[in-house]
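Analysis of the macromolecular model
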Amino acid sequence: MTHTPLHLLTAPGNVQTAGRLRKKTSELPKTESVGSPDAWQIYNAHRAIDLHITDPIYLNSQPVSGQLVAARGYWNGACLQADELELVFTPSIEHFQPTNSDPEKLPLGKAVRARSELNAKIRNFFAQQDFLEVETPGWVESAGTDIYLNPFEAQFRLEASTYTLDGHLHTSPEFAMKRLLCQGFERIYQLTRVWRNGEVTDLHNPEFTILEWYRAWQNVEDIIQDVENITRIALHNSARPVSDAPFLRLTMREAVERSMHFDLYDALDFESLHAIVRSKNLLGPRAGHTKRWDDLFFELVITYLDPYLAKIGPTFITEWPSELAVLARKKPDDPRVAERFELYIDGLELANGFGELTDPVEQTTRFEHDLVERKQLERESLPLPRGFLQALHTGMPPSAGVALGVDRLLMLATGARTISEVLPFALRRNPETGNIDWP
């Protein structure tokens, strides 16, 4: 008889299946013996079914919650009447950890299946749009110069040699994908893992999944529409459905005016911004000590803008100050702002996109400026992304692109409260020591 997974049992009949035992009367497995033949369920990551044990004694022992078993018998559509039960493994009590130990968290099976289904929806969307799925290296010479990101160092060592090659795990596949745009690829996307050092929070794991895509010869409005379409597909019939109304769009200037009641264009340098927020009593304890415009601005965003966005539904924030868009081109009719946008839903940042900067000279200048800023902030010195800059000198077509956080989108779709619920092997912060524990 062929093995049939529990979650694929459908029509009644004689079956062979397998899983882990647990008490029928308990939501969670417990390592204790129960003699009643009707007190059991057998479960896997996807499904639990009632189990009637015709003969509760097998292998000279009582069934115990947590045991892995193979079962053969009659499946009537609601219960498996097991006439043969084979013990595969009994976990030791001190090591047995039920997979659903917290009933308030997203079950593991649901999280894994939701990711698989979302990935399939993403690939179907791009196939219909004539995109090509690409793969680029995760280990690169340079992960970028962004002063807000800290890449992981990763060194290659040649076997039986002292030769080494220094590199980093990429924080985004952006540079490699843009090099493909320079080679003539026009519509490309990638689902990939990326790494960013320095944070473990309810919304951030150092290793996570992003969806990144680019349209050559198209503009940022086309990419914004892609983001809205994909988000709608992901959240359809989900824990966080969205209405049929178009997503709200606000410029950053409008968003600041609504949430903090001042004109951003009057505050594009530190002295002006500091004077305005001080006059309006917006300075928090951290913001009051910074001497950098970007630090002060982001502190205000966290304190005032994010809570405002949490109340108004799906919102694109467009036209970011040029100071905050190192890889985006400046708006042609207003260089104070750049063609950068972000999507927020319930205050959660989901996507960050640009009308791409294609000028190699200006891009090099911006990178070099970042390196000076990193040095002043006593952060790690990073190499320039030479391959990307060389590709820009060959010519990159007018393009637009975006990176979307797949894990955060899954959080919304499943109702998860933390990123660890949709990333089963996420790092964890120990509440007692504050240190980071391996999963």
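This text follows the structure it describes.
Reading guide: rules and limits
Residues numbered from 1 in each chain as written. Predicted model: local features only at pLDDT ≥ 70, side-chain atom pairs only at ≥ 80, totals over all residues. Heavy atoms only, no water. Helix = DSSP H or I, 4+ residues; strand = E, 2+ residues; numbered from the N terminus. Buried < 20%, exposed > 50% of the residue type's maximum accessible area, 1.4 Å probe, protein only. Contact = heavy atoms within 4.5 Å. Polar contact = N/O pair within 3.5 Å; in protein donor to acceptor, adjacent residues only side chain to side chain. Phe/Tyr/Trp six-rings, centres within 6.5 Å; stacked < 30°, edge-to-face > 60°. Lys NZ or Arg CZ within 6 Å of the ring centre and 35° of its normal. Pairing = 2+ DSSP bridges. Patch = residues over 30% accessible without salt bridge, like charges linked within 9 Å, V, L, I, M, F, W, Y side chains within 5 Å. Areas by Shrake-Rupley, 256 points an atom, 1.4 Å probe, with all protein chains shown as cover. Salt bridge = Lys/Arg side-chain N within 4 Å of Asp/Glu carboxyl O. Axes fitted to C-alpha atoms, helices over the stretch in contact; angles between N-to-C directions.

This part covers the environment of tryptophan 320. Checked against the element boundaries, tryptophan 320 lands in strand S13 (residues 315-321). Residue classification places tryptophan 320 among the buried positions, given a relative accessible area of 2%. Sequence separation of tryptophan 320 and arginine 253 is 67 residues, and the distance between their C-alpha atoms is 8.0 Å. When neighbours within four sequence positions are excluded, tryptophan 320 is seen to be in contact with Met252, Phe298, Arg336, Val337, Ala338, Arg340, Phe341, Glu342 and Tyr344. Among the polar contacts listed, one links the side chain of tryptophan 320 to the backbone oxygen of isoleucine 317, at a separation of 3.1 Å.

Turning our eyes to something else, we now look at the packing of aromatic side chains. Pairs of aromatic rings are described using the distance from one ring centre to the other and the angle between the two planes. This model, assessed by the stated rule, comprises 13 aromatic pairs. Judged by centre distance (4.9 Å) and plane angle (65°), the rings of phenylalanine 126 and phenylalanine 131 are edge-to-face. Here the two residues phenylalanine 126 and phenylalanine 131 agree in accessibility, since each one is buried. Each ring, one from phenylalanine 247 and one from phenylalanine 316, has its centre 5.9 Å from the other, and the planes form 35°; the classification is tilted. Placement of the pair is phenylalanine 247 in the loop between helix H3 (220-235) and strand S12 (248-251) and phenylalanine 316 in strand S13, with a sequence separation of 69 residues. Across the pair, exposure class does not vary: phenylalanine 247 and phenylalanine 316 are buried alike. Here the aromatic cluster, defined as three or more aromatic residues joined through ring pairs, consists of Phe125, Phe126, Phe131, Tyr189 and Trp213. Over the ring of tyrosine 43 we find arginine 22, and its NZ or CZ is 4.9 Å from the ring centre.

Now for the side chain of threonine 209. Structurally, the position occupied by threonine 209 is in strand S11 (residues 207-216). A residue is classified by how much of its surface remains accessible, and threonine 209, at 9% relative accessible area, is buried. At 2.8 Å, the side chain of threonine 209 and the side chain of arginine 193 are in polar contact. The residues touching threonine 209, leaving out its near neighbours within four places in the chain, are Arg115, Leu191, Thr192, Arg193, Leu404, Gly405, Val406 and Asp407.

The next subject is the sheet that holds strand S7 (residues 139-140). Across a sheet, paired strands are connected by hydrogen bonds in the backbone, their directions being either parallel or antiparallel. In spatial order, the strands read S7-S9-S8; together these three strands make up an open sheet with antiparallel pairing. Across the chains shown, the open sheet's two edge strands, defined by having one partner strand only, are S7 and strand S8 (153-157). Inspection of the sheet shows S8 paired to strand S9 (residues 164-169) by five bridges, in the antiparallel sense. The residue of S9 that forms the bridge with arginine 157 is threonine 164.

A few words on a nonpolar patch on the surface. Where nonpolar side chains cluster on the molecular surface, the patch consists of Trp139, Phe156, Leu158, Tyr163 and Leu165 and spans about 460 Å² of accessible area. Secondary-structure assignment places leucine 165 in strand S9.

Moving on: the sheet that holds strand S3 (residues 48-53). Pairing in this closed barrel of five strands is mixed, and the strands run S1-S2-S3-S5-S4 around the ring. When the angles between neighbouring strand axes are averaged without regard to direction, this sheet yields 55°. Direction of pairing for strand S1 (residues 13-23) relative to strand S4 (residues 68-75): antiparallel, over a ladder of eight bridges. Note that in S4 the partner of valine 15 across the bridge is glycine 73.

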